[in-house]
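For reference, the chains in residue letters:
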Amino acid sequence: MRKIINLIKKIVNNDYLFSVIAKVLGLGIAIIVSAMTARCFGAELKGVMSVVENDVTLYSVFIGLGIYQAYPFFRKKEPDILPTYVNNISSLFLLYEAVAVLIASVMIFCRINVFLAIAIMLMPVDAYIKQLNYIVLVEHPRRRNFSSLIISMSEIVLLAVIWIFWNASVTSVLTYYICTVLANLALSYINLRYNPLMVRFSLNRIFEFIKFGWIPMLVYLCMSINYKIDIQMLKQYDHVSMADIGIYGTGVALASKIWLVPDAIKDILLSKLVKNGKGECEVAKVIRISLFVCTLCVLLLALLGKWAILLLYGPEFDLAYYVMLIMLIGVEGMIFYKMVYSYNVSRGKRTINLIFLGLSAVVNVIGNLILIPLYGIIGAAIMSVVSYLVCGICFLVYFHCVSQVPITQILFPQKEDLDMLKGFFQKKK
C-alpha cells in the first residue's frame with residue numbers, strides 16, 4: 001500500500017506526468033462522445049456538425065484578434081487588471097454578437113446558407129470562451145482540466161437524451177452543438193468565479209490588448225489553417241458529400257489523439273523554460289520522449305484502429321480508418337513544431353514561428369487545390385500529411401541549428417531517459 005501511495009505522490013508531483021494522465025482521462029471520455037455522436041447522428045449529420053464547428057473555430061480566430069494572449073503580459077504589470085480586462089472583452093463580445101445576430105437573421109430570412117448563419121452567431125461566443133478560459137488557465141489552471149471533463153460528461157448525457165427521445169435530424173445535431181457551446185460558456189464563468197452581473201460596458205483599453213495580440217493571432221491563424229482549412233475546402237466541391245466530410249472529420253480527429261502527449265506537456269515545458277531557466281537539453285529530452293511514446297501509439301492505432309472504428313462507429317465510418325492511417329504519417333512531424341514552438345516563445349522568437357507555420361499553411365492550401373478535385377477526402381488527408389511534415393522538419397532543423405544539440409539526441413532515447421524511468425519506479429529507500 002505504501003508503494004502505491006508513494007507512486008501516486010510521485011505522479012501528482014510530476015507536472016508532466018500529471019498533465020498527461022489528466023489528458024488521458026479526458027481522451028477516454030472524448031472518444032466515447034465521438035462514438036456516440038457518430039452512432040446517434042450518422043455520417044451525413046456528423047458532416048453537417050463538422051462543417052458548422054469548423055466554421056466557428058476557424059473564423060473566431062479572426063474576431064478574437066489574439067486578445068487572450070495579452071492577459072498574462074498585462075497581469076504581470078497590473079495584478080488587479082482582471083475586472084478591467086473582463087469588462088473590455090465582454091463589451092467587445094456583446095458588440096460582435098449584436099452584429100452577428102443581425103447578419104445571421106438576414107441570411108436565415110433570405111435562406112442564404114443557414115449552416116453558415118448559425119456558425120456566424122456562434123463565432124463571437126467561441127472567441128469569448130477562449131478569452132475567458134485563458135484567464136482561468138492563468139489564475140486557476142487545475143480548474144480548466146476539471147471543467148473539460150465536466151463538459152464532456154454533460155455531452156454524454158445530452159447525447160443519450162437526444163438518442164432516446166429525438167430522431168436524428170439537422171435540427172437535433174445543430175441543437176446538440178449549440179448546447180455544448182453554451183454549456184462551455186457557462187462553465188467558463190463558473191471556473192472564473194466572476195459574477196456576470198458585475199460586468200460593465202467599457203472598451204477603454206481594448207486597443208492595447210489588440211495591439212499586443214495581433215502577431216499571436218496570425219500565428220494561431222496559421223496553426224488553425226493547417227488543422228481546419230481542409231474541411232473548408234472540401235465543402236466547396238460537389239463530388240464531396242456531407243457524409244464524406246463526416247467520415248473525414250472522424251479519421252482526422254482519431255489521428256490527432258496521438259497529440260495527447262505533446263499537447264499535455266508543451267505548456268508545462270513552456271512554464272519550465274520561462275520560470276526555471278531550463279534550456280535546450282530539456283527541450284531535446286521532451287521531444288525524444290514524446291516521439292518515442294507517439295511512435296508506439298501510432299503502431300498501436302495502425303494495428304487496432306480498423307477494428308476499433310468498426311466497433312465504436314459502425315461500418316458507415318469504415319473509410320475513416322484509411323484517412324486516419326494516412327494522417328498518422330504526419331502526426332509525429334508536428335511533435336517538433338509543438339515543442340520547438342514553446343522553446344521559441346520562451347526566447348521571444350515569435351516571428352520564426354509565424355514564418356514556419358505560414359509556410360506550411362501555404363503548402364496545405366495549394367496542395368488541397370490540386371489533390372481534393374482528384375482524390376476527395378483522401379487527397380485532403382495526403383496534403384495534410386505533407387504540410388505537417390514540412391512544418392515539423394522546419395522546426396526540427398531550426399532547433400538543431402540554434403541549439404547545436406546533435407540530431408541523435410533529439411530523435412532517439414538516451415541512457416539518461418531510461419535511468420530516469422527506472423528511478424521513478426524504484427522503491428524509495
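Residue positions are given per chain, counted from 1 along the sequence in the order it is written. Local features in this predicted model are restricted to residues whose pLDDT is 70 or higher, and side-chain atom pairs enter the listing and the counts only when it is 80 or higher, whereas totals over whole chains, interfaces and linings include all residues. To get the side-chain values, take all heavy atoms of the structure and skip hydrogens and water.

1. Points about the environment of K235
Then, number 1: Note that K235 resides in the loop between α8 (206–234) and α9 (242–256).
Then, number 2: We call two residues in contact whenever any of their non-hydrogen atoms come within 4.5 Å of each other. Those residues within four positions of K235 in sequence are excluded, and the remaining contacts are V51, D55 and I245.
Then, number 3: In the analysis that follows, any N or O atom pair within 3.5 Å is treated as a polar contact, provided that within protein one partner can donate a hydrogen and the other can accept it, and provided that, for residues neighboring in sequence, both atoms belong to side chains. Only 2.8 Å separates the side chain of K235 from the side chain of D55, close enough to count as a polar contact. The numbering of helices and of strands both runs from the N terminus, where a helix is a DSSP run of H or I of at least 4 residues and a strand a run of E of at least 2.

2. Describing the side chain of E155
Then, number 1: By the secondary structure assignment, E155 is in helix α6 (residues 141–165).
Then, number 2: Relative accessibility thresholds used throughout: buried, under 20% of the residue-type maximum; exposed, over 50%; partly exposed, between the two (1.4 Å probe, protein chains only). Judged by relative accessible area, E155 falls into the buried class, the value being 16%.
Then, number 3: Those residues within four positions of E155 in sequence are excluded, and the remaining contacts are V33, Y176 and T180.

3. Here we look at the packing of aromatic side chains
Then, number 1: Working definition: a ring pair exists when centres of Phe, Tyr or Trp rings (six-membered ring for Trp) sit within 6.5 Å. Plane angles under 30 degrees give stacked, over 60 give edge-to-face, the rest tilted. Summed over all chains, the structure comprises 14 aromatic pairs.
Then, number 2: Between F93 and Y128, the ring centres sit 4.4 Å apart and the planes meet at 5°, which makes this aromatic pair stacked. You can see F93 sitting in helix α4 (residues 82–109) and its partner Y128 sitting in helix α5 (residues 114–139), a full 35 residues away along the chain.
Then, number 3: Given the relative accessible area of 4%, Y128 is considered buried.
Then, number 4: By way of ring pairs, the aromatic residues Y337, Y341, F356, F395 and Y398 are connected into one cluster.

4. Some points on the nonpolar core
Here is a general trend for soluble globular proteins: nonpolar side chains tend to be buried in one another's company.
Then, number 1: Definition used in this section: a nonpolar core is a set of buried Ala, Val, Leu, Ile, Met, Phe, Trp, Tyr and Cys residues joined via side-chain atoms within 4.5 Å. Residues Y248 and L357 are the most contacted members of the largest nonpolar core, which totals 69 residues.
Then, number 2: Looking at this core, the elements that each hand over two or more residues are α2 (15–64), α8, α9, α11 (280–312), α12 (320–331), α13 (333–346), α14 (350–375) and α15 (377–403).
Then, number 3: It is α15 that provides the largest number of residues to this core, a total of eleven residues.
Then, number 4: In this view, L357 contacts V219, C222, M223, N226, Y337, Y341, C391 and F395; residues no more than four positions away in its chain are not counted.
Then, number 5: Counting 50 residues, the second-largest nonpolar core is a separate cluster that includes L45, I120, V181 and L192.

5. What about the pattern of salt bridges?
Then, number 1: In what follows, salt bridge is the name for a side-chain nitrogen of Lys or Arg lying within 4 Å of a carboxyl oxygen of Asp or Glu. Under the definition given, this model contains five salt bridges.
Then, number 2: The closest approach of N and O atoms between D318 and K306, which form a salt bridge, is 3.0 Å. Placement of D318 in the loop between α11 and α12 and of K306 in helix α11 is noted, with a sequence separation of twelve residues between them.
Then, number 3: Residue class for D318 comes out partly exposed when judged on its relative accessible area of 26%.
Then, number 4: Sharing partners across several salt bridges, the network here consists of E78, R205 and E208.

6. A look at empty space enclosed by the protein
Then, number 1: Grid points spaced at 1 Å over the protein atoms alone were grouped into cavities, where a 1.4 Å probe fits but cannot get out, and pockets, open sets with protein on both sides within 12 Å along at least five of seven lines, with lining residues defined by an atom within 4 Å of a point. Grid points are joined across faces, edges and corners, and a volume is the space filled by probe spheres set on the points. Evaluation of the coordinates by the stated rule reveals two cavities of 30 Å³ or more.
Then, number 2: Taken as a whole, the largest cavity encloses approximately 70 Å³ of empty space.
Then, number 3: For the lining of the largest cavity, the secondary structure elements donating two or more residues are α2, α5 and α8.
Then, number 4: Classification used: nonpolar for Ala, Val, Leu, Ile, Met, Phe, Trp, Tyr, Cys and Pro, charged for Asp, Glu, Lys and Arg, polar for all others including Gly. Tallied by class, residues from the lining of the largest cavity come to six nonpolar, four polar and one charged.
Then, number 5: Roughly 40 Å³ of volume is contained in the second largest cavity.
Then, number 6: Lining of the second largest cavity is provided by I63, I89, L92, F93, Y96, P124, A127, Y128 and Q131.
Then, number 7: The residue inventory of the lining of the second largest cavity, partitioned by class, reads eight nonpolar, one polar and no charged.

7. Some remarks on the packing of α9 against α12
Then, number 1: In the contact formed by α9 and α12, the axes pass within 8 Å of each other and the chain directions differ by 40°. By the angle class used here, α9 and α12 are oblique. The crossing of α9 and α12 is right-handed. Two secondary-structure elements touch here, α9 through I247, Y248, T250, G251, V252, L254 and A255 and α12 through A320, V323, M324, M327, L328 and V331.
Then, number 2: The residue inventory of the contact of α9 with α12, partitioned by class, reads eleven nonpolar, two polar and no charged. For helices, the fitted axis covers only the stretch in contact; all axes are lines through C-alpha atoms, and the angles between them, taken along N-to-C directions, range from 0 to 180 degrees. Throughout, the term roughly parallel applies to angles under 35 degrees, roughly antiparallel to angles over 145, roughly perpendicular to angles from 65 to 115, and oblique to all others. Helix crossings fall into two classes, left-handed where the near helix is turned counterclockwise from the far one by less than a right angle and right-handed where it is turned clockwise.

8. Section: unusual backbone geometry
Then, number 1: Although it is not a glycine, R111 sits at a positive phi angle of roughly 55°.
Then, number 2: Looking at where R111 falls in the secondary structure, it is placed in the loop between α4 and α5.
Then, number 3: Exposure remark for R111: the relative accessible area of 75% places this residue in the exposed category.
Then, number 4: Backbone geometry at Q404 places phi at a positive 65°, although glycine is not the residue there.

9. A word on the confidence of the model for the protein chain
Then, number 1: pLDDT expresses, on a scale from 0 to 100, how confident the predictor is about each individual residue. Averaged over all residues, the pLDDT of the protein chain is 82; the fraction at 70 or higher stands at 84%.
Then, number 2: Taken element by element, the protein chain is modelled with least confidence in helix α1 (residues 2–13), mean pLDDT 54, and with most confidence in α4, mean pLDDT 93.

10. Some words on the packing of α12 against α15
The description of two packed helices rests on the angle between their axes and on the distance between the axes.
Then, number 1: Packing of α12 against α15 brings their axes to within 8 Å, and their N-to-C directions diverge by 10°. Classified by the angle between their axes, α12 and α15 sit roughly parallel to one another. Where α12 abuts α15, its residues V323, I326, M327, I329, G330 and V331 lie against I377, I378, A381, I382, S384, V385, Y388 and L389.
Then, number 2: The class makeup of the residues in the contact of α12 with α15 is twelve nonpolar, two polar and no charged.

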